[in-house]
Amino acid sequence: MFRRRESVPFSFVAEADRFRSNVTPPPRQRASHSQLAARSLVGLTLIAGFAGSLLSGLPALDTDRTPSHGQTSEASRHR
C-alpha cells in the first residue's frame, strides 16, 4: 500500500505528483512578421513615453535652483 508522509484532504491532490501524461502539447506557432512589428511598435511607444515623462519631469527634480519669484513664507520674512 502506498503511504504518504502527510495527510492530503483530497485524493486527486495525492495522486497529482504521481501522474505523468503521455500526450505532448502541440508546438507553439511562430509569430508572424506583422505581429512582431506590432509588438516592437508597442514596446517602442512605451519606452518613448517613459523617456518623455522623465525628460519633462526633470526640471521639477532639480534641487539647485532657487525660487525665481519670491516664494517665501510670512514667517521667514519677519525673522
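Everything quoted here is computed from the prediction, not taken from an experiment. Going along each chain's sequence as written, the residues are numbered from 1 onward. Selection of residues for local features in this predicted model requires a pLDDT of at least 70, selection of side-chain atom pairs for listing and counting requires 80 or more, and totals for whole chains, interfaces and linings are taken over all residues. Values reported for side chains reflect all heavy atoms of the structure, with hydrogen atoms and water molecules removed beforehand.

## Here we look at the overall build of the protein chain
Move 1: On a plain count of helices and strands, the protein chain comes out with 3 helices and 0 strands.
Move 2: Here a helix means four or more residues in a row that DSSP labels H or I, a strand means two or more in a row labelled E, and each is numbered from the N terminus. Across the protein chain, helices and strands are ordered from the amino to the carboxyl terminus as α-α-α.
Move 3: Looking at the 79 residues of the protein chain, the share that counts as buried comes to 1%.
Move 4: The method behind every accessible area is Shrake-Rupley, applied with a 1.4 Å probe, and residues are considered shielded solely by the protein chains displayed. Of the roughly 8400 Å² that the protein chain leaves accessible, carbon and sulfur atoms contribute 59%. Throughout, exposure labels follow a simple rule: accessible area from a 1.4 Å probe, protein chains only, divided by the maximum for the residue type, with under 20% read as buried, over 50% as exposed, and the rest as partly exposed.

## Here we look at helix H2 (residues 33–61)
Move 1: Take the number of residues in a helix, subtract one, and multiply by 1.5 Å to get its expected span. With 29 residues, H2 extends 41 Å from end C-alpha to end C-alpha; this agrees with the ideal 42 Å at 1.5 Å per step.
Move 2: By definition, a residue's bend is the angle between the axes fitted to the seven residues ending there and the seven starting there. The axis of H2 is deflected most strongly, by about 25 degrees, at Leu55, and proline Pro59 appears within four residues downstream.
Move 3: A small share of H2 lies buried, amounting to 0 of its 29 residues.

## Notes on the confidence of the model for the protein chain
Move 1: You can read pLDDT as the predictor saying how much it trusts each residue, on a scale of 0 to 100. Averaged over every residue, the pLDDT of the protein chain is 77; residues scoring 70 or more account for 56%.
Move 2: The element-level mean pLDDT for the protein chain is lowest in helix H1 (residues 11–16), coming to 59, with H2 highest at 94.

## As for a nonpolar patch on the surface
Move 1: Like charges within 9 Å and nonpolar side chains (Val, Leu, Ile, Met, Phe, Trp, Tyr) within 5 Å are joined into patches, using only residues over 30% in relative accessible area that form no salt bridge. We count a salt bridge whenever a side-chain nitrogen from Lys or Arg sits within 4 Å of a carboxyl oxygen from Asp or Glu. A surface patch of nonpolar side chains, about 430 Å² in accessible area, is lined by Leu54, Leu55, Leu58 and Leu61.
Move 2: On the secondary structure map, Leu54 appears in helix H2.
Move 3: Leu54 sits in the exposed class, given a relative accessible area of 51%.

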